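The residues making up each chain are set out below.
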Amino acid sequence: MLKTKEVEFNYDNQMFFKFQNIDLNSNENLLIIGESGVGKTTLMHLLAGLLKSNSGSIKLFDKELNQMSSYQLDSFRKNNIGIVFQRPHFVNSLTVKENLQLAQYIANKNDNTRIESILKNLNIFEKSNKKTNQLSQGEKQRVSIALAIVNSPKLILADEPTSSLDDNNCSKVIKLLKKQATDFGAQLIVITHDSRLKKHFKKSIEL
Amino acid sequence: MNIFKLSIKNIFNKPLSSSISLALLVLGVGIISLLLQLNTLIKDQMDNNLRGIDMVVGAKGSPLQLILSSVYHIDSPTGNISLAEAETISNNRMVGSSIKILYGDNYKGFRIVGAEKKFIELYKGVIKEGKDWDNPYEVLVGSKVYEKLKINLGDELISSHGLRETGQSHDEGTFKVVGLLKPSNSVIDQLIITSPQSVWDIHETHDHDEHENENEHEHENEHEHDNREITAMLIKFKSPMNIIQFPRQINENTNLQAAVPSYEISRLFKLFGFGIETLSYLAYLIIIVSGFSLFINLFNSMRERKYEMALIRTLGASRFQLSTMIIFESLVLTISGFILGLLFSRFGVMFVSSLMEESINYNLNSLKILNEEYWLLGLSVLIGVVSSLIPAIQVYKMNISKILADA
């Protein structure tokens, strides 16, 4: 399902990253672990099609990302990938529910029952009509998970989802992510420096 | 949810900066549209009252004053001229038709005009109730006069001397209302019209106060050795060519004055056109400032919102969709600014027209959209597009990976 080969990337000829090859089968989750500065976020952006590698190949769901145009990547992303960011971002002028509706609109979908069931599943249904800046930190994180899965992606990419959490919450969030992925039939790739997560994944690679 | 709705939500999310840009635009568009409306309405009104009058003959004085008094009935007359001299001119072969009018009295500030019946035909006046006058001291009343003063058929009106309410009142000057005119959207709406004979009679009586026992028939006999006067004569030429030479002949060869209304009115418009022009430059400046304020707002909000832009992109929106959103936000503001500006100007027109009706008995109330206002719409849209262009291009070129990595 995901196969990378000799992927290289450099920012303005200053920072140079060479990533090890990844080979992930369908129905597998993956933990990518590494210290700060080894290019974790860069790798995630490459996998999400937000960046293009300088050389090598990234094959995701049998599509070669390096050969797609920026427009094709946008369209590929909205149909296949949900992203959970380290710090949650939302459209501040919209409510929780409207944020999810916007995500659906961008992917040409319109399914309020799915939004409701996701919010119920994440225990934030009663916050549907709240503006996102009225939410607590934990609620924000759950809404950002909801945003990542609302369009039924085949792959969920999570960037440092637990780095600022205590042990208790760390374990809660990662279980929640895994549960959502399983519930909605998606694979999960978590990129982090947080070694506490190792015990939750069967498969992991170290950068 | 869609991009358009999102734009609107974004506007409402920043009520203060949005309303400043909006207010500036409303002000700019409103002032220009108000000037255009007033200019057009006044011009229309003036032209409407001008039709069929090529030249006005009256006493020497200011030509503009002669036109304002005898065509628009808003200034004092320049004086009187002798009926005999007027007759000579109206018999000239270049004159197609002529209408003699006389002033003398007013009723509660509304002018009583003595005129030939052709005067009412000239303005396409139609009698709504009652009949035409047959005898002296019978009057027809214009629509605004009877509406305002609640005059009914058969009422008796006691006139005052002169054209202002404060004039001395004649006990003899009792007019009887025999007819009410339909609204004609011209000057006759605010006039009380009677036969020339009534005005002559009333002033004969007035001038000879000592001989109170004299009766009307004796007066009519007196007119045999004619010293009667009129205030002005409205003239239509046989051929439009005559407008060039005939007025000059009169001004040079007689002690009368001939004035050409269309010429005087265009002179008047040139005079206050300068003020209108200055004011509209100011209004265009306000519109440009509103464009800048719009640009600064969009530019700032784009910086504040760069993470949410990046989020929307990662959700799969294209660069183009995001840029469209920015342009939409700007256009929603400028187009609603345009609409509110038009509303503003319409209220302005109503206000000005209510003021003018008080002072000079004029009414301006047509609120149609002018061609120039469509240009104003074009200008508003242009301002919307131009001020959002740079922010939209920046959003288009945004490096989402970099923004997210910096977070």
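The rules behind each value
Think of each chain on its own: its residues are numbered from 1, step by step along the sequence as written. Both sets of labels track the order of writing: A upward for chains, 1 upward for ligands. Predicted model: local features are reported for residues with pLDDT of at least 70 only, side-chain atom pairs are reported and counted for 80 or more only, and whole-chain, interface and lining totals are derived from all residues. Starting at the N terminus, helices and strands are each numbered in turn, a helix being any DSSP run of H or I of at least four residues and a strand any DSSP run of E of at least two. With C-beta atoms placed from the backbone, a residue is labelled by how many other C-beta atoms lie within 10 Å of its own: buried for 20 or more, exposed for 12 or fewer, partly exposed between the two. Residue pairs qualify as contacts under a 7 Å threshold applied to their C-beta atoms, which are placed from the backbone. Classes in brief: Ala, Val, Leu, Ile, Met, Phe, Trp, Tyr, Cys and Pro nonpolar; Asp, Glu, Lys and Arg charged; the others, Gly included, polar. Note on pairing: DSSP must find at least two bridges between two strands before they are called paired. Between N-to-C directions, angles cover 0 to 180 degrees, with each direction set by a line fitted to C-alpha atoms, over the stretch in contact for helices. Think of a nonpolar core as buried Ala, Val, Leu, Ile, Met, Phe, Trp, Tyr and Cys residues chained together by C-beta atoms that fall within 7 Å. Across the chain, each position has a pLDDT score giving the predictor's confidence in that residue, from 0 to 100. When an angle is under 35 degrees it counts as roughly parallel; over 145 it counts as roughly antiparallel; between 65 and 115 it counts as roughly perpendicular; any other value is oblique. Whether a crossing is left-handed or right-handed is set by the direction in which the near helix is turned from the far one by less than a right angle, anticlockwise for left-handed and clockwise for right-handed. A helix is expected to span 1.5 Å for every residue after the first. Regarding the arc, it is the one traced by the directions from the helix axis to the C-beta atoms. If you view a crossover with the strands going away from you and the path from the first strand over the helix to the second runs clockwise, you call it right-handed.

1. What about the overall build of chain B?
For step 1, the next point in the chain: Assigned secondary structure in chain B consists of 14 helices and 12 strands.
For step 2, the next point in the chain: For chain B, buried positions account for 39% of its 407 residues.
For step 3, the next point in the chain: Contacts spanning at least 24 positions in sequence make up 79% of the contacts within chain B whose residues lie at least 6 apart.

2. Comments concerning the interface of chain A and chain B
For step 1, the next point in the chain: The interface is formed by 27 residues belonging to chain A together with 21 residues belonging to chain B.
For step 2, the next point in the chain: Looking at the side of chain A that touches chain B, the elements that each hand over two or more residues are α1 (40-47), α2 (70-80) and α3 (96-106) of chain A.
For step 3, the next point in the chain: If you tally residues by element for the side of chain A that touches chain B, the top one is α3(A), at 6 residues.
For step 4, the next point in the chain: Tallied by class, the residues present in the side of chain A that touches chain B amount to 14 nonpolar, 8 polar and 5 charged.

3. As for the sheet that holds strand β4 (residues 30-33) of chain A
Residues and elements named next belong to chain A.
For step 1, the next point in the chain: Taken in spatial order, the 5 strands make up an open sheet running β7-β8-β9-β4-β10, and their pairing is parallel. Unpaired on one side and paired on the other, β7 (81-84) and β10 (204-206) mark the two borders of the sheet. Strand-to-strand twist of the sheet, defined as the mean angle between neighbouring strand axes without regard to direction, takes the value 15°.
For step 2, the next point in the chain: Alignment of β4 against β10, held across 3 bridges, turns out to be parallel. Along β10, the bridge assignment pairs L31 with S204.
For step 3, the next point in the chain: Contacting β8 (155-159) and β9 (187-192), helix α6 (residues 167-183) crosses the sheet at an angle of about 155° to β9.

4. As for the nonpolar core
For step 1, the next point in the chain: Core analysis: the biggest nonpolar cluster contains 90 residues, and A:L47, A:A146, A:V150, A:I156, A:L157 and A:I189 have the highest contact counts within it.
For step 2, the next point in the chain: Sequence-distant contacts of A:V150, that is, excluding residues within four places in its chain, are made with A:L100, A:A103, A:Q104, A:R114, A:I115 and A:I118.
For step 3, the next point in the chain: B:W133, B:V141, B:W200 and B:A232 belong to the second largest nonpolar core, which has 53 residues in total.

5. Topic: α3(A)
For step 1, the next point in the chain: Here α3(A) lies mainly inside the structure; 10 of its 11 residues are buried.
For step 2, the next point in the chain: All buried positions along α3(A) are accounted for by A:V96, A:K97, A:E98, A:N99, A:L100, A:Q101, A:L102, A:A103, A:Q104 and A:I106.
For step 3, the next point in the chain: Against α2, α4 (112-121) and α5 (137-149) of chain A together with α1 (3-13) of chain B lie the buried residues of α3(A).

6. Brief notes about the pairing of strand β1 (residues 2-11) of chain A
The two faces of the sheet receive side chains in turn, since in a regular strand these alternate between them.
Residues and elements named next belong to chain A.
For step 1, the next point in the chain: Two strands pair when backbone bridges link them, and β1 and strand β5 (residues 55-60) are joined in this way by 5 bridges, in the antiparallel orientation. If you follow E8 over to β5, its bridge partner there is S55.
For step 2, the next point in the chain: The sheet contact formed by β1 and strand β3 (residues 23-24) spans 2 bridges and is antiparallel. Looking at the pairing, K3 lines up with D23 of β3.
For step 3, the next point in the chain: As paired strands, β1 and strand β2 (residues 15-18) are joined by 4 bridges and run antiparallel to one another. Within β2, the residue paired with N10 across the bridge is F16.
For step 4, the next point in the chain: Taking the residues between adjacent antiparallel strands as the criterion, β1 and β2 are bridged by 3 residues, where D12 takes a positive phi near 45°.

7. A closer look at the environment of B:V395
Residue and element names in this part refer to chain B.
For step 1, the next point in the chain: Within the secondary structure, V395 sits in helix α13 (residues 371-397).
For step 2, the next point in the chain: Classification of V395 as buried rests on a count of 25 C-beta atoms within 10 Å.
For step 3, the next point in the chain: Residues V395 and A259 lie 136 residues apart in sequence; the distance between their C-alpha atoms is 65 Å.
For step 4, the next point in the chain: If we skip the residues at most four places from it in the chain, V395 touches M302, M309, L322, S323 and I326.

8. Things to note about the environment of B:R248
Residue and element names in this part refer to chain B.
For step 1, the next point in the chain: Mapped onto the secondary structure, R248 falls in helix α9 (residues 242-253).
For step 2, the next point in the chain: For R248, a count of 10 C-beta atoms within 10 Å corresponds to the exposed category.
For step 3, the next point in the chain: Taking C-alpha positions, R248 is 7.6 Å from A258, a pair spaced 10 residues apart along the chain.

9. Digging into the confidence of the model for chain B
For step 1, the next point in the chain: Per-chain confidence: chain B averages 84 in pLDDT, with 89% of residues scoring 70 or above.
For step 2, the next point in the chain: In the predicted complex, the global pTM is 0.75; the interface-specific ipTM is 0.88.

10. Examining the packing of α5(A) against α6(A)
Residues and elements named next belong to chain A.
For step 1, the next point in the chain: Relative orientation of the contacting elements α5 and α6 amounts to 20°, with a least axis distance of 11 Å. Between α5 and α6, the angle is such that the two are roughly parallel. Taken as a pair, α5 and α6 cross one another with a handedness that is right-handed. Across the interface between the two elements, Q141, I145 and I149 from α5 touch V173, L176, L177 and Q180 from α6.
For step 2, the next point in the chain: Classifying every residue of the contact of α5 with α6 by side-chain character gives 5 nonpolar, 2 polar and no charged.

11. Quick word on the packing of helix α3 (residues 63-70) of chain B against helix α10 (residues 261-304) of chain B
Residues and elements named next belong to chain B.
For step 1, the next point in the chain: Close contact between α3 and α10 brings their axes to 10 Å; oriented N to C, the two are set at 105°. Classified by the interaxial angle, the pair formed by α3 and α10 is roughly perpendicular. Contacts between α3 and α10 involve P63, L64 and I67 from the first element and P261, E264, I265 and L268 from the second.

12. Quick look at unusual backbone geometry
All names here are of chain B.
For step 1, the next point in the chain: Located in the positive-phi region is K124, a residue other than glycine, with phi close to 55°.
For step 2, the next point in the chain: Here K124 is to be found in the loop between α5 (118-122) and β5 (127-130).
For step 3, the next point in the chain: Located in the positive-phi region is Y137, a residue other than glycine, with phi close to 70°.
For step 4, the next point in the chain: Of note, Y137 is situated in the loop between β5 and β6 (138-141).
For step 5, the next point in the chain: Take Y137: there are 21 C-beta atoms within 10 Å of it, and that puts it in the buried class.

13. Quick notes on α9(B)
All names here are of chain B.
For step 1, the next point in the chain: In a regular helix each residue adds 1.5 Å, so 12 residues correspond to 16 Å; α9 covers 16 Å between its end C-alpha atoms and thus fits that length.
For step 2, the next point in the chain: All buried positions along α9 are accounted for by N242, F246, P247 and I250. Down the axis of α9, the smallest arc covering the buried residues is 100°, so these residues share one side. Among the exposed residues of α9, those oriented more than 90 degrees off its buried face are I244, Q245, R248, E252 and N253.
For step 3, the next point in the chain: Among the structural elements, β1 (55-59), α4 (83-90), β11 (232-237) and β12 (256-259) are those in contact with the buried residues of α9.

14. Some remarks on the pairing of β9(A)
Residues and elements named next belong to chain A.
For step 1, the next point in the chain: Of all 6 residues in β9, 6 are buried, a share of seventy percent or more.
For step 2, the next point in the chain: On β9, burial covers both faces: Q187, I189 and I191 on one face and L188, V190 and T192 on the other are all buried.
For step 3, the next point in the chain: Sheet topology note: the β4/β9 ladder contains 4 bridges and is parallel. Bridge pairing in β9 places L30 opposite I189.
For step 4, the next point in the chain: With 5 bridges joining them, β8 and β9 adopt parallel strand pairing. Bridge pairing links I156 to L188 in β9.
For step 5, the next point in the chain: Following the backbone out of β8, through α6 and into the adjacent parallel β9, one traces a crossover that is right-handed.

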